[in-house]
Amino acid sequence: MQATVLTATVVGVRAVPVEVQADVSSGLPGFTVVGLGDTAVHEARDRVRSAIRSSGFEFPNARVTVNLAPAPLRKHGTGFDLPLALALLKATGQVDRGAWEDHSVVGELGLDGTLRQVRGLLSYAVDAKERGLSLLAAAEGAQAAGHVEGLRYAGLRTLRDVRGGQAASHSAPGCEAEKETGPDLCEVAGHAQAKRALEVAAAGGHNLLLMGPPGCGKTMLARRLCGILPPLSADERLETAVVHSVAGLDETSALAGSRPFRAPHHTCSVAGLVGGGSPPRPGEVSLAHNGVLFLDELAEFAPSALQALRQPMEDGHLTLVRADGHVRYPARFSLVGAMNPCPCGYLGDPVRSCTCSLGAVARYRGRVGGPLMDRIDMCVTVARPEAAGLVVATTEERSCHVMARVLSARERAMSRPTHPAGLSGSALLAACDMDAIARRWLESVAHARVLSGRAVTRMLRVSRTLADLDGSPTVGVDHLSEAASYRLEAG
Amino acid sequence: MERCELGRDDPLYPRQLLSTPWPPERLYVIGDPSMLRPGLGVVGARRATPYGLRCATRFAGWAASAGVPVVSGGAHGCDLQAHIAALEASGPTVAVLGCGADVDYPASSAGVLRQLRSRCAVVSELPWGTRPIRHAFVLRNRIIAGLSYALLVVEAGLPSGTFTTANYAADAGRPVLAVPGCITSPGSRGPNRLISDGATPVTDVADLADALRGAGLRPSEAAEADGEASSAVRDRVLGALLAEPSRPDDLARDLDMDLVFVLRRVGELEAKGEVRRYPDGRYGP
């Protein structure tokens with residue numbers, strides 16, 4: 001007696017279709033699972049046996065063979081518990097052969113037959129929708145899956161419920177999670193220049209480096225960047241939530257529209273930062289997709305980890321190549337770095353003197369590496385605020401007001417024929433539409449400072465954003481000179 | 001590159017060193033020994049501000065072009081800048097090292113030291129090949145002071161090794177000159193203190209020329225006049241930055257101007273080369 005159940009397995013952030021084929025035949029009683037499953041898949045046999053028995057079904061006293069097709073694809077995770085059990089029940093006739101036919105089935109079983117949600121539920125949901133199937137999974141995932149438009153979802157609590165065969169339905173997206181309002185910019189006193197830089201970075205999606213002595217407020221400023229970025233669009237929500245779901249993190253805040261803010265510790269490994277491991281898991285750059293990746297103490301990160309950032313920063317995605325194939329993760333993020341000017345942190349401080357040797361300063365800065373520095377558009381030094389300025393209550397601008405300006409600048413940028421992220425070469429020059437004076441000004445600066453081609457492009461991109469913030473269709477000397485003031489000291 | 005060893009009784013041994021309290025027994029010289037005639041010592045902090053580097057360039061360059069050897073220590077910062085300015089003016093200059101005269105230390109100065117050895121002179125009282133030793137650098141300061149008829153302190157914090165050179169100069173009866181600086185700048189505390197203790201302030205090359213003549217040197221008249229005479233500054237932002245280096249935030253607050261306007265103005269001034277960005281984010285000359 002044979003039966004098949006449709007399911008999927010997660011590769012990268014996508015679910016790939018898999019068919020579970022069960023065969024119950026006479027012979028020596030046993031239960032084998034073939035088809036390149038990992039340990040969790042093989043352990044499913046014991047969970048399934050117990051779950052079937054405790055749900056009032058009978059486990060066949062026969063030879064049971066289950067094949068996971070396509071056989072060459074490696075399969076991971078506990079999501080195969082429910083499809084295995086269902087295939088078995090169908091093969092033994094305990095559940096109607098035609099039941100759950102147009103469903104993709106996924107779920108982990110407890111020994112008592114209760115159904116648990118699995119990692120990457122949103123990937124399974126997207127895949128089911130693309131295949132024109134409904135999704136049969138744990139009831140608790142219904143709200144998250146509701147964000148996948150047009151998906152029909154059947155939520156079960158225990159294995160017992162498969163007998164019922166109730167129809168899958170459209171579930172409403174669980175919108176009750178309010179968009180988190182992060183810390184507000186108005187809580188930061190002073191730092192006008194750094195705030196302006198945050199606004200520009202938010203408007204143009206530029207990478208930003210904050211440099212300053214310890215305790216001057218770099219981290220505080222960086223945490224407020226998310227608050228001035230526009231909320232995620234519907235597509236972006238799903239893209240970001242899928243990555244979080246695959247990584248086993250809570251995806252509700254991304255689904256509610258909050259941009260992710262990831263701040264990995266500087267001991268983070270290469271695999272932790274860009275993804276990796278076996279099976280491959282998304283790294284911090286992918287978890288920060290459509291949001292902010294904040295690297296505090298940039299110079300303390302392992303150089304290999306920092307250099308691995310170069311490809312995702314350039315391409316907006318990341319491809320991990322492994323012996324059994326390659327995996328692609330999305331990674332479009334704004335990088336905000338923070339570092340001290342030197343190992344002791346007080347280089348150039350007007351009051352405290354720096355105790356580092358010149359060689360130590362050069363080594364410290366060199367750790368970040370030229371190629372990465374080259375990809376950072378703006379660098380702002382943050383000064384230690386004077387104590388007097390901290391205790392005086394001032395009225396600072398609220399994040400929502402800044403966000404309004406950021407939104408209108410972004411709209412202006414999007415109204416141009418070329419997408420702002422793809423601006424380069426002649427398209428960038430056309431978008432900037434500089435007059436002769438501005439052009440001459442740029443040429444003289446580029447010549448005097450010996451700017452590289454990439455440095456000029458970077459400066460022009462920032463200038464274009466500044467003009468957008470001003471509501472100006474053309475880039476003028478004003479915008480260029482402000483952009484020049486954000487350049488890196490080395491650039 | 002000619003090497004020679006000069007004992008105290010050698011005719012090439014610089015006479016002016018013999019009048020100091022503790023002249024070295026032997027001098028190891030690479031280059032042209034005639035450079036060891038009385039000169040102007042130019043010393044300053046290794047970790048100099050752009051202001052200090054500019055002053056070192058300006059005064060050392062002028063002295064060298066007037067034929068007065070610029071004596072300094074070859075260290076990073078003001079010293080190196082003084083040597084470079086003298087080399088660029090094709091004038092005489094001497095580096096006094098705290099290691100063997102044939103040893104490249106600090107490594108970042110190697111290129112300049114190589115030029116000094118072939119075109120000017122590098123001196124040490126330590127035998128060939130001696131590795132750098134900490135205390136030797138303090139002792140070589142007395143040779144810098146001794147070779148010079150006047151010592152110019154460009155920029156130095158408090159406390160600073162530059163002061164030992166000034167003390168050696170005072171002990172040898174050489175006049176000490178100092179470039180005054182902003183009272184809020186830590187790098188100018190040293191020269192400002194020296195001036196209040198009686199050093200001669202040097203604010204332009206006319207001051208320096210007078211001081212050199214007073215010390216018994218004869219700078220040639222042909223040297224180029226100072227090109228940096230400051231004209232009246234109409235721009236408020238530039239005026240404020242020349243008076244005191246500051247951050248754009250503080251400038252906008254103090255001048256009661258819009259921050260974005262100040263940022264743009266500063267960017268423009270920087271592009272023109274009128275101000276520079278300091279490592280802590282302040283802008284200044």
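Residues numbered from 1 in each chain as written. Chains lettered and ligands numbered in written order. Predicted model: local features only at pLDDT ≥ 70, side-chain atom pairs only at ≥ 80, totals over all residues.

**Observations concerning the overall build of chain A**
Looking only at helices and strands, chain A has 21 helices and 17 strands in total. Split into buried and exposed, the 491 residues of chain A put 49% on the buried side. By sequence separation, contacts in chain A at least 24 residues apart represent 73% of the contacts at least 6 residues apart. (Helix = DSSP H or I, 4+ residues; strand = E, 2+ residues; numbered from the N terminus. Buried ≥ 20, exposed ≤ 12 C-beta atoms within 10 Å, placed from the backbone. Contact = placed C-beta atoms within 7 Å.)

**A closer look at unusual backbone geometry**
With an omega of 0°, the peptide bond running from A69(A) to P70(A) counts as cis. Within the secondary structure layout, P70(A) lies in the loop between strand 4 (63-69) and helix 2 (81-91). Here the amide bond leading from L158(B) into P159(B) is cis, since omega sits at -5°, within 30 degrees of zero. Along the chain, P159(B) falls in the loop between strand 7 (148-153) and helix 6 (162-171). Even without being glycine, E297(A) reaches a positive phi, approximately 55°. Position of E297(A) relative to the elements: it lies in the loop between strand 13 (292-296) and helix 12 (303-307). For E297(A), a count of 16 C-beta atoms within 10 Å corresponds to the partly exposed category.

**Some details on the confidence of the model for chain B**
Across chain B, pLDDT averages 89, with 95% of residues at or above 70. Confidence metrics for the complex model read pTM 0.80 and ipTM 0.75. (pLDDT = per-residue confidence, 0-100.)

**Focus: the sheet that holds strand 5 (residues 93-96) of chain B**
Residues and elements named next belong to chain B. Here nine strands make up an open sheet; going across it, the order is 1-2-6-5-4-3-7-8-9 and the pairing mixed. The strands lining the two open edges of the sheet, one partner per strand, are strand 1 (3-7) and strand 9 (200-201). In terms of strand pairing, strand 3 (residues 39-43) meets strand 7 through five bridges, oriented parallel. Bridge pairing links G41 to L151 in strand 7. (Pairing = 2+ DSSP bridges.)

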